[in-house]
Amino acid sequence: MVTCLVAGATGAVGQQIVRLLVTNMAVSSVVVLTRRAVPAAGEAAAVAWAREHLGLTDNELAKKIIAVHVSEADWEHDDASMSALDVMARDFAVREQAWLQTLLQTPAPAALVQVMNGVDVVFTAMGSSRANSETQAAQAATSYHEGFATWLRRVDCSQNIKLAQAARAANAKGLVRVSAMSSNAKQFGTPEQYWGWCESFHT
Ligand SMILES: NC(=O)c1ccc[n+]([C@@H]2O[C@H](COP(=O)([O-])OP(=O)(O)OC[C@H]3O[C@@H](n4cnc5c(N)ncnc54)[C@H](OP(=O)(O)O)[C@@H]3O)[C@@H](O)[C@H]2O)c1
C-alpha cells in the first residue's frame, strides 16, 4: 500500500488528483497539505472537511484523507528576497538567476520534511493565479505584471521547489507536478519563466 501527499489539493486540478488517489485500491492514505484551517481530531470532522474543501462526497473515501496545515512561516521564505519585483528593471534577469541559485542551495524547510515522513509519492497542483486575492492586491500595489510575478515566484516556483527538496530529503520515491504547456525557463519576466525554472529543478 502507498501513502501519497497532495499540495494544492483544494484547487480545481488538485481535487481531481485527490479523487483519483482515494479511489485507487493501492493508496492507503492521502496527506493533504493546506494553508486552510484543518479539522480538530475526529473522524466526523475530518470527513466533513474533505467534503467541504476537496469535494469528496463518499464518507468512506474521505476517511483516507489526512489534512495537514502548513502556515506561511513553515515555507521559510526569505522575506527580504520575496518582496515585490520590478520586472522591467534592466538587471531583472541577473537578479532572478541569483535568487534562484540561493533558493536551490537552501535546505528544505524542516516542517515540510517532517510532514513527508512515510510518504511514498508527492503530487503538486499548487499554484497562484490571477484570480487569487493576494495576486490582485499585489497587482494593485505595483503593476499587473509585477503583482502576478511576485506570487508566481513565491508559490509556483519557490514553494514547489521547497516541496521537492523536502520530498528528496525524506526519500520519497517520486514527485509529480502539474505544470503548464508553455513553461519556458528562458522567457524572462513571464509566468512561463517561473514554471520553467521549477521544471528545471524537478527533472
Ligand atoms: N486549471 C487548468 O486548466 C490548468 C491547466 C494547466 C496548468 N494548470 C496549472 O495547475 C496548477 C493548479 O491549477 P488550478 O486550476 O487547480 O488552480 P487553483 O484552482 O487556483 O488551485 C490552486 C491551489 O494552490 C493553492 N495555493 C494557491 N496559493 C497558495 C499559497 N500561497 N500557499 C499555499 N497554497 C496555495 C490553492 O489553495 P487554496 O485553495 O487555499 O487557495 C489551491 O489548492 C497551477 O499551477 C496551474 O498553472 C492548470
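Here's what I pulled together on the structure shown here. (Residues numbered from 1 in each chain as written. Predicted model: local features only at pLDDT ≥ 70, side-chain atom pairs only at ≥ 80, totals over all residues.)

### Quick look at the site of the ligand
Logical step 1: Near the ligand you find 19 residues, and of these Gly 8, Thr 10, Gly 11, Val 13 and Gly 127 are the closest.
Logical step 2: Of all the elements in the fold, those that place two or more residues in the shell around the ligand are helix H1 (12–22) and helix H7 (144–169).
Logical step 3: If you tally residues by element for the shell around the ligand, the top one is H1, at three residues.
Logical step 4: By residue class, the composition of the shell around the ligand is eight nonpolar, eight polar and three charged.
Logical step 5: When residues of the shell around the ligand are assigned to domains, at least three fall in each of domain 1 (2–69) and domain 2 (80–202). (Near = placed C-beta within 6 Å. Helix = DSSP H or I, 4+ residues; strand = E, 2+ residues; numbered from the N terminus. Nonpolar A, V, L, I, M, F, W, Y, C, P; charged D, E, K, R; others polar. Domains from an automatic or database assignment.)

### Section: the nonpolar core
Logical step 1: One finds Leu 5, Val 6, Val 18, Val 30, Val 32 and Met 116 to be the most contacted residues of the largest nonpolar core, which totals 49 residues.
Logical step 2: The element that contributes the greatest number of residues to this core is H7, accounting for eleven residues.
Logical step 3: Here this core spans two domains, since at least three of its residues come from each of domain 1 (2–69) and domain 2 (80–202).
Logical step 4: Met 116 has contacts with Leu 5, Ala 166, Ala 167, Ala 170 and Ala 172, leaving out every residue within four places of it along the chain. (Core = buried A, V, L, I, M, F, W, Y, C linked by C-beta atoms within 7 Å. Buried ≥ 20, exposed ≤ 12 C-beta atoms within 10 Å, placed from the backbone. Contact = placed C-beta atoms within 7 Å.)

### Here we look at the sheet that holds strand S1 (residues 2–7)
Logical step 1: What the five strands build is an open sheet, ordered S3-S2-S1-S4-S5; its pairing is parallel. Unpaired on one side and paired on the other, strand S3 (65–69) and strand S5 (174–177) mark the two borders of the sheet. Recorded for the sheet is a direction-independent mean angle of 20° between the axes of neighbouring strands.
Logical step 2: With four bridges joining them, S1 and strand S4 (residues 121–124) adopt parallel strand pairing. Within the sheet, the bridge partner assigned to Ala 7 lies in S4 and is Thr 124.
Logical step 3: Docked against the sheet, helix H2 (residues 43–54) engages strand S2 (27–34) and S3, running at close to 75° with respect to S3.
Logical step 4: Here H7 sits on the sheet in contact with S1, S4 and S5, set at roughly 175° to S4. (Pairing = 2+ DSSP bridges. Axes fitted to C-alpha atoms, helices over the stretch in contact; angles between N-to-C directions.)

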